[in-house]
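Structure assessment
Single-letter residue listing:
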Amino acid sequence: MRGRFLVLEGVDGSGKSTQAERLVRRLEAEGRRPLHLREPGGTPVGERLRAMLLDAERRRWDPRTEALLFFASRAEMLVRRVRPALREGRDVVCERFTPSTLAYQGQDPETEGFVLALDDLVVGRDGQPDLVIILDLDPEVSLERTRSRAWYGDTETSFERRDAAYYRRVRQGYLAYARARAERTFLLPVGGLDADQVEARIAERLRALDAAPPASRREGSP
Ligand code: TYD
């Protein structure tokens, strides 16, 4: 049986990394061998692209250029890590995927179309995640959290220097993604929840996924 491809999404400061780690530990406790990845990155090529993309010194590039680099990292990660693991029956937990590129680089209709075309080419219908978990958070709160993180010594990345209006557009991108792909998306408002509650809600949704997997998994595509 093919593994499950699980993606965690959310704006910076939404608790995505914490939840990805908790999910991985939970799957391990169930006796599975999950593979934990993050984008951009996950392969030597991806880590080099990550360094370029998160370089705070770089000038603002065209969103298409950024999208191409994110998809270059994604292509490498899919071929070298995700697909082999899924074929071996391992679950893959990936922090960020195409929904991030749509939310961050695909903010106007033209670049949205560009990102969707790349997703078609690189990910394809058969490569789509079984479930995208979106940790939805008010942009004001997420900005607060990333600022306090920077205060404690994290280097501020070029992506984190953006304002509330930018994050509102990112959130709209995620909401649009969730509306367009309701069957494979779990939109979870995390504002009033603590980490334990978020973890429990995700576990509950995964049980529902096993009970009623999306059509493509039922057909058993490799
Ligand atoms: P990272 O330091 O990993 O932040 P986080 O912990 O919030 O994931 O930086 C990743 C940044 O890259 C984040 O600000 C979102 C951005 N990004 C895009 O703009 N497009 C993409 O396709 C991806 C995968 C990430």
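Basis of the calculations
- Residues numbered from 1 in each chain as written.
- Predicted model: local features only at pLDDT ≥ 70, side-chain atom pairs only at ≥ 80, totals over all residues.
- Heavy atoms only, no water.
- Axes fitted to C-alpha atoms, helices over the stretch in contact; angles between N-to-C directions.
- Helix = DSSP H or I, 4+ residues; strand = E, 2+ residues; numbered from the N terminus.
- Parallel < 35°, antiparallel > 145°, perpendicular 65-115°, else oblique.
- Left-handed = near helix turned anticlockwise from the far one by under 90°.
- Contact = heavy atoms within 4.5 Å.
- Nonpolar A, V, L, I, M, F, W, Y, C, P; charged D, E, K, R; others polar.
- 1 Å grid on protein atoms, 1.4 Å probe; cavity = no way out; pocket = protein on both sides within 12 Å on 5 of 7 lines; lining within 4 Å.
- Points joined across faces, edges and corners; volume = space filled by probe spheres on them.
- Phe/Tyr/Trp six-rings, centres within 6.5 Å; stacked < 30°, edge-to-face > 60°.
- Lys NZ or Arg CZ within 6 Å of the ring centre and 35° of its normal.
- Core = buried A, V, L, I, M, F, W, Y, C linked by side-chain atoms within 4.5 Å.
- Buried < 20%, exposed > 50% of the residue type's maximum accessible area, 1.4 Å probe, protein only.
- Near = heavy atom within 4 Å.
- Polar contact = N/O pair within 3.5 Å; in protein donor to acceptor, adjacent residues only side chain to side chain.
- Areas by Shrake-Rupley, 256 points an atom, 1.4 Å probe, with all protein chains shown as cover.

Another point: the packing of helix α2 (residues 44-53) against helix α3 (residues 63-87). α3 packs onto α2 with a crossing angle of 160° between their chain directions and a minimal axis gap of 8 Å. Here α2 is positioned roughly antiparallel relative to α3, judged by the angle of their axes. Here α2 and α3 pass one another in a crossing that is left-handed. Contact with α2, carried on its side by V45, G46, L49, M52 and L53, involves E66, L69, F70, A72, S73 and E76 of α3 and no other residues of that element. Of the residues assigned to the contact of α2 with α3, the class counts are seven nonpolar, two polar and two charged.

In this structure the tally under the stated criterion is one cavity of 30 Å³ or more. Put simply, the largest cavity is a space of about 40 Å³. As for the largest cavity, its lining consists of G10, V11, I134, L135, D136, L137, R171 and Y174. Among the secondary structure elements, those contributing two or more residues to the lining of the largest cavity are β4 (131-136) and α7 (164-180). Among the elements that take part in the lining of the largest cavity, β4 stands out by supplying three residues, more than any other. Its residues assigned to classes, the lining of the largest cavity comprises five nonpolar, one polar and two charged.

Right, let's talk about the packing of aromatic side chains for a bit. Between two aromatic rings, the relevant description is the distance of the centres plus the angle of the planes. In this structure the tally under the stated criterion is three aromatic pairs. Every member of this aromatic cluster is reached through a ring pair, and the members are Y104, Y166 and Y167. In this structure, R74 is placed above the aromatic ring of F71, and the distance from its NZ or CZ to the ring centre is 4.4 Å.

The biggest cluster of nonpolar side chains holds 49 residues, and the ones touching the most others in it are F5 and V92. Setting aside its immediate chain neighbours within four residues, F5 contacts L78, V82, L86, V92, C94, F97, G127, Q128, P129, D130 and L131.

A separate point is the site of the ligand. Close to the ligand lie 13 residues; K16, R50, R96, T101 and Q105 are nearest. One of the side-chain nitrogen or oxygen atoms of R50 is found 2.8 Å away from an oxygen atom of the ligand. For the ligand, whose free accessible area comes to 540 Å², the fraction covered by protein is 92%. Contributions of two or more residues to the shell around the ligand are made by α3 and α4 (98-104). Counting residues per element, the shell around the ligand draws most heavily on α4, which supplies three residues. Within the shell around the ligand, the residues separate by chemical class into four nonpolar, three polar and six charged.

Quick look at the packing of helix α1 (residues 16-29) against helix α8 (residues 195-211) now. Here α1 crosses α8 at 55°, and the two axes come no closer than 10 Å. Judged on the interaxial angle alone, α8 and α1 are oblique. Considering only the axes of α1 and α8, their crossing is right-handed. Counted together, Q19, R22, L23 and R26 of α1 and A195, D196, V198, E199, I202, A203 and L206 of α8 form the full contact between these two elements. A per-class count over the contact of α1 with α8 returns six nonpolar, one polar and four charged.

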